[in-house]
Amino acid sequence: MIPIPGGVRVWLALGHTDMRRGMRSLALQVQQSLNKDVHAGDLYVFRGRSGSLCKILWHDGLGMSLYSKRLERGRFVWPSAKDGTIAISASAMACLLEGVDWRNPQETWRPTQVG
């Protein structure tokens, strides 16, 4: 799990990203295409065309990190817009990384009846 400090914004890069890209080219995409400061401490999440792989770019103040996650089954839920970014909460990102629909998470816990 990524140790996300409080107050950090999470940005989804809309559309599809070439997952062959590494840390430097994704950072360049953040600066040029998304018009964001990659060194601001925000997390930038990218998804590939197949939908089963995502990469997260994060600068923590000391250095740049690149995380990746591949789902064995299913796809990451992603907005249908073609370009730009949207901000999501850290809890929505946690749902996204687990393959849960972060736009409408369902509660699975139900109280048991005493009796």
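See the structure above.
Computed from a predicted structure; not experimentally measured.

Engineer: How would you summarise the sheet that holds strand 2 (residues 43-47) if you had to cite specific residues and measurements?
Structural biologist: Pairing is mixed across the open sheet formed by five strands, whose spatial order is 4-3-2-1-5. The sheet terminates laterally at strand 4 (64-70) and strand 5 (85-88), the two strands that pair on one side only. Neighbour-to-neighbour, the strand axes of the sheet open up by a mean angle of 25 degrees, direction not taken into account. Sheet topology places strand 3 (residues 53-59) next to strand 4; seven bridges connect them, and they run antiparallel. Counted as the bridge partner of isoleucine 56 is tyrosine 67 from strand 4.

Engineer: A description of the environment of leucine 57 should follow, citing residues and the corresponding values.
Structural biologist: Within the fold, leucine 57 resides in strand 3. Note on leucine 57: relative accessible area 0%, which makes it buried. Put simply, leucine 57 and arginine 24 are 33 residues apart on the chain and 9.8 Å apart in space, counted from C-alpha to C-alpha. Here leucine 57 is in contact with Met23, Leu26, Ala27, Val30, Val38, Asp42, Leu43, Tyr44, Phe46, Met64, Ser65 and Leu66, once residues within four sequence places are set aside.

Engineer: Residue-level account of the pattern of salt bridges, with values.
Structural biologist: What the rule picks out here adds up to three salt bridges. A salt bridge links arginine 20 to aspartate 18; the shortest N-O distance between them is 2.9 Å. You can call arginine 20 exposed: its relative accessible area is 74%. The salt bridge partner of glutamate 98 is lysine 69, with a shortest N-O separation of 3.7 Å.

Engineer: Which residues make up the environment of serine 68, and what are the values?
Structural biologist: Among the secondary structure elements, serine 68 is positioned in strand 4. For serine 68, a relative accessible area of 55% puts it in the exposed group. Along the sequence, serine 68 and cysteine 54 sit 14 residues apart, while their C-alpha atoms lie 5.7 Å from each other. If we skip the residues at most four places from it in the chain, serine 68 touches Leu53, Cys54 and Lys55.

Engineer: So, the side chain of aspartate 42: which residues are in play, and what are the values?
Structural biologist: Mapping aspartate 42 onto the fold places it in the loop between helix 1 (23-32) and strand 2. For aspartate 42, a relative accessible area of 6% corresponds to the buried category. One polar contact links aspartate 42 to arginine 9, side chain to side chain, over a distance of 3.1 Å. Among the polar contacts made by the side chain of aspartate 42, one reaches the side chain of tryptophan 11 at a distance of 3.2 Å. Leaving out residues up to four positions away in the same chain, aspartate 42 has contacts with Val8, Arg9, Trp11, Leu57, Trp58 and His59.

Reading the values: rules and limits
Counting restarts for each chain: residues are numbered from 1 in the order of the written sequence. The predicted nature of this model means local features are confined to residues of pLDDT at least 70 and side-chain atom pairs, given and counted, to a pLDDT of 80 or more, with totals for whole chains, interfaces and linings taken over all residues. To get the side-chain values, take all heavy atoms of the structure and skip hydrogens and water. Should DSSP find at least two bridges between two strands, the strands are regarded as paired. Each helix is a run of H or I in the DSSP string that is no shorter than four residues. Each strand is a run of E no shorter than two, and both are numbered from the N terminus. Angles run from 0 to 180 degrees between N-to-C directions of axes, and those axes are lines fitted to C-alpha atoms, restricted for helices to the stretch in contact. Exposed residues in this analysis have more than 50% of their type's maximum accessible area, buried residues have under 20%, and partly exposed residues fall in between, with area computed by a 1.4 Å probe over protein chains only. Contact criterion: two residues are considered in contact whenever any of their non-hydrogen atoms come within 4.5 Å of each other. For this analysis, a salt bridge means a side-chain nitrogen from Lys or Arg found within 4 Å of a carboxyl oxygen belonging to Asp or Glu. In the analysis that follows, any N or O atom pair within 3.5 Å is treated as a polar contact, provided that within protein one partner can donate a hydrogen and the other can accept it, and provided that, for residues neighboring in sequence, both atoms belong to side chains.

Read these as layout, nothing more, since geometry by itself doesn't imply function.
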